[in-house]
Protein chains: 2
Amino acid sequence: LTDNKNKFSVKEFIHQSMAIIIEDAVKKATDVREKVCEWRSPDQLKELLDLELRDGGESDSKILQRCRDAIRYSVKTTHPRFFNQLYAGMEPYSMVASFIAEALKPSLYTYEIAPVFTLIEDAVLRKMMELIGWEEGGDGIFNAGGSMSNMYAMNLARYNHSPDIKEFGLSAAPRLVMFTSQECHYSVSKAAALLGIGTKNVYVVPSDKRGKMILSALENKIKAAKSEGAFPFMVNATAGTTVLGAFDPIEEIADICEKHNLWLHVDACWGGAALMSKKHKHLLKGIHRANSVAWNPHKMLMACLQCCAFLVRDKTQDKFYDISYDTGDKSLQCSRKADAFKFWLMWKALGSIARHYAYFMPEFSNVCFWYIPPSLKNLPDGPELYEKLHTVAPVIKERMMKTGSMMVGYQPHGDKPNFFRMIVISPQVSKQDMDFVLDEIHRLGKDL
Amino acid sequence: LTDNKNKFSVKEFIHQSMAIIIEDAVKKATDVREKVCEWRSPDQLKELLDLELRDGGESDSKILQRCRDAIRYSVKTTHPRFFNQLYAGMEPYSMVASFIAEALKPSLYTYEIAPVFTLIEDAVLRKMMELIGWEEGGDGIFNAGGSMSNMYAMNLARYNHSPDIKEFGLSAAPRLVMFTSQECHYSVSKAAALLGIGTKNVYVVPSDKRGKMILSALENKIKAAKSEGAFPFMVNATAGTTVLGAFDPIEEIADICEKHNLWLHVDACWGGAALMSKKHKHLLKGIHRANSVAWNPHKMLMACLQCCAFLVRDKTQDKFYDISYDTGDKSLQCSRKADAFKFWLMWKALGSIARHYAYFMPEFSNVCFWYIPPSLKNLPDGPELYEKLHTVAPVIKERMMKTGSMMVGYQPHGDKPNFFRMIVISPQVSKQDMDFVLDEIHRLGKDL
Ligand SMILES: Cc1ncc(COP(=O)(O)O)c(C=O)c1O
Ligand SMILES: Cc1ncc(COP(=O)(O)O)c(C=O)c1O
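Residues numbered from 1 in each chain as written. Chains lettered and ligands numbered in written order. Predicted model: local features only at pLDDT ≥ 70, side-chain atom pairs only at ≥ 80, totals over all residues. Heavy atoms only, no water.

An unreviewed UniProt entry annotates chain A as Glutamate decarboxylase like 1 originating from Amphiprion ocellaris. Comment text from UniProt for chain A, heading Subunit (unreviewed entry), reads "Homodimer." Regarding chain A, the UniProt comment filed under Sequence similarities (unreviewed entry) reads as follows: "Belongs to the group II decarboxylase family." (UniProt positions renumbered as here; feature names shortened; annotations may be inferred.)

What follows is the structure, given as structure tokens:
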């Protein structure tokens, strides 16, 4: 089917594609003078890319062109002006590590199959547990996302409360309920649906204006659940919430968990990085008392996507968690990638990476703000302003995408109208870059 | 902390590491004259690799040496004599695709963030659904493993049966039971534990000698479950079992599912590839009647690890599955990688890849055999032979690992003593390679 005359040698193909990757996907993608994205609508892009899969194969030069095009029309998440997500930037060591892992295709079933990466994962997990402050160690696993880590935590907490559920299921079990703040990540609710806990059995605790769980409200919810005859089994505390970057008061939540004998999970997917900073680790005070922790080095620490650890203090929860090097049994995944290697190589190269965290404002690096166009400047605070403000960010965002100059996300939140959420991760981001963002938003929105 | 004088420019570091990756992780790793693995015990390897993470950073030349070492002591799953797992071989197009994705770090939340890869995933899923034979299309998602796909299937099947469970959990729900063969992948049981279904509510249907589900036994189990007052909701059929490579009779199982109104999921993680072969697709006859399918192109089709699709026939099961391009809502994962791109680029380059499947023996490419050393040749078939045979494969495997000449797995199965399971995937594997395996096993085990 394939016209072999149009094929290079494998060596030649790889060399040529590597040159394209370095030039287009690394150098150009991270060049501040280039665009963050070259916006096309789905219909336009479908036509440009000729996506359909046919019976025949294509020449290698055609394939190289396809690589160039895929890169060209992709959003450059590594571009210095990408502030849209909870990850950003190009970190060369972890990128190289991920290339090595892609080329070698290890899968972390057993030491026999992945000797190097099994030991590296173990070393990285140990270091993370040391930073958490678990003096007697613990166990853990790298997996395909913080959402999975939260799911693992809920599963283990449930197992800890009612081990029989594993075999007999929930249908004969009492109604288990858990607690989390209104600001928590939505993966908690998704996991509750999946695990058969039920989304209504996730009791949502209000947060204060800053976004932190209100302790008295947590106590009240626990009491209310008990009085309904339900069985509380777990609290999820968030260290670094997705929208506001707030830290729940872990120490005080740990006290409440102790009193009521509840599993404490800390979702530190976003905020875990602060543990590496002497100045900021107080934000997670009390985390050593958690039963489990989720922490994604691919976010604030810039490890290549994905790099997500789930950590558990007690080694003997379940046979999911035996301590041998054969990790297959403790994972829900069967094939599983060597993601820890990215964090390991990066750490070896940079040390404990304390140079980060310039941009904790006010607490962490989520910078949430409204842009108020001149026409609204004189409106008093109130429903009319809010209603008008709500429409501003979406229009600016659309113009921003079409210009391709930068990417910053927006969203509403509670009763707050749409605001920008700018995530500042890379230590290379300068005051000029920050000024650029504000100037550009003004340029794009001043007529609104 | 880091000694910056010992750091190259980013460009220089990436260039030098790329050269190492191409030379060591691609060329040498796939060179038949090189070893498949350079075995070290965990203790030896820990010392060689100096795993500990310290506060200071290291020079770039040290980091490059670390890359070389990580590659050197890793098992070469892409080596022509790696027959140990359900994946193998180096496929250059999908490798290049995965490098591009690692460099760009797309995460498939929305079209806005990952325009190219969202459309590519959509195109690949459509093609896979076409091969399955769903004339009206359907929906799907690439995710972090066939184990997750099976879990998705069980979740959707349950939702289909009792939608209230999503909100209210299982504690008030009737006892739901599902059916799968004794030869199915263990992820089904893990998912049952996780989902709160309970491992005991997975009713295990016996398989015949070839490894295929026995239809009358399935009927009996369904009837038995009903008479116990349980609620059957799903059958998992396996197309290509993990150990024996057997295909459950899908068409007949679909009849039974229809009769009892059960969700039919086909775990075609391993055997789905046969759908691409005119000659072999009859093995999956009836798969178009499945409600959902799991299929891993990273296995038989050699796409770079991981590349796993979950497909569902009906688009409107749940709001998990809306048909817009913003896939965030239908995924349990939040950040999610662009794995479909690997399969897409490979397909574009090679066409429908019909050149595969030389090694279907007797049905699929799992070649299971005993090596009987000369000392046991004259023993009659019976318990004594079996007992002795059981100890042969582990010793040969240990010697094989220490020699590093090849890798073939072994395992017991039911009442069968340990046997080798050789997985033949790459179309480049020749008769000589097969002879080599047999000669080498004989060389390593003839004194036993
Ligand atoms: C607080 C928090 N937890 C969990 C997650 C989920 O992480 P992942 O995208 O790796 O699933 C996120 C993602 O943004 C998050 O902000
Ligand atoms: C039949 C079958 N289903 C599912 C899986 C799980 O796939 P994964 O390793 O991608 O989780 C396997 C893995 O070998 C398998 O053989």
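The discussion continues.
**Student:** Could you give an account of the site of ligand 2, naming the residues involved and the relevant values?
**Tutor:** As a matter of local geometry, ligand 2 sits amid 17 residues, with A:Ser335, B:Gly146, B:Ser147, B:Asp267 and B:Lys299 nearest to it. Looking at what sits near ligand 2, you find residues from chains A and B. B:Asn296 places a side-chain nitrogen or oxygen 2.9 Å from an oxygen atom of ligand 2. In this structure, an oxygen atom belonging to ligand 2 sits 3.0 Å away from a side-chain N or O atom of B:Lys299. Alone, ligand 2 offers 390 Å² of accessible surface; in the complex the protein occludes 98% of this. The class makeup of the residues in the shell around ligand 2 is four nonpolar, eleven polar and two charged. (Near = heavy atom within 4 Å. Polar contact = N/O pair within 3.5 Å; in protein donor to acceptor, adjacent residues only side chain to side chain. Areas by Shrake-Rupley, 256 points an atom, 1.4 Å probe, with all protein chains shown as cover. Nonpolar A, V, L, I, M, F, W, Y, C, P; charged D, E, K, R; others polar.)

**Student:** Talk me through the interface of chain B and chain A; I want residue IDs and the actual numbers.
**Tutor:** Contacts between the two partners involve 131 residues from chain B, matched on the other side by 132 residues from chain A. Here chain B and chain A share an interface that buries about 11,400 Å² over both sides, 65% of which is from carbon and sulfur atoms. Across the contact surface, chain B and chain A share seven salt bridges. Remark: the boundary between chain B and chain A carries 65 residue pairs in polar contact (both at pLDDT 80 or more). For the side of chain B that touches chain A, a count of residues per class yields 73 nonpolar, 31 polar and 27 charged. (Contact = heavy atoms within 4.5 Å. Buried area = accessible area lost by both parts, 1.4 Å probe. Salt bridge = Lys/Arg side-chain N within 4 Å of Asp/Glu carboxyl O.)

**Student:** Tell me about the side chain of A:Ser149, residues and numbers included.
**Tutor:** Residues and elements named next belong to chain A. With respect to the helices and strands, Ser149 occurs in helix 6 (residues 146-161). Assessed through its relative accessible area of 0%, Ser149 is described here as buried. Within the local environment of Ser149, its side chain forms a polar contact with the side chain of Asn143, the two groups lying 3.2 Å apart. When near neighbours in sequence (up to four residues on either side) are disregarded, Ser149 contacts Asn143, His265, Ala294, Ala309 and Phe310. (Helix = DSSP H or I, 4+ residues; strand = E, 2+ residues; numbered from the N terminus. Buried < 20%, exposed > 50% of the residue type's maximum accessible area, 1.4 Å probe, protein only.)

**Student:** Give a detailed account of the sheet that holds strand 9 (residues 366-369) of chain A, specifying residues and quantitative values.
**Tutor:** Residue and element names in this part refer to chain A. Read from one edge of the open sheet, four strands run 1-10-11-9, paired in mixed fashion. Bordering the open sheet on either side are strand 1 (82-83) and strand 9, each of which pairs with just one other strand. Taken together, the two bridges between strand 1 and strand 10 (residues 407-413) define a ladder with parallel strand orientation. Bridge pairing in strand 10 places Phe83 opposite Val408. Each of strand 10 and strand 11 (416-423) touches helix 12 (residues 383-403); the most contacted strand, strand 11, lies at about 40 degrees to it. Contacting strand 1, strand 9, strand 10 and strand 11, helix 13 (residues 431-445) crosses the sheet at an angle of about 145 degrees to strand 11. (Pairing = 2+ DSSP bridges. Axes fitted to C-alpha atoms, helices over the stretch in contact; angles between N-to-C directions.)

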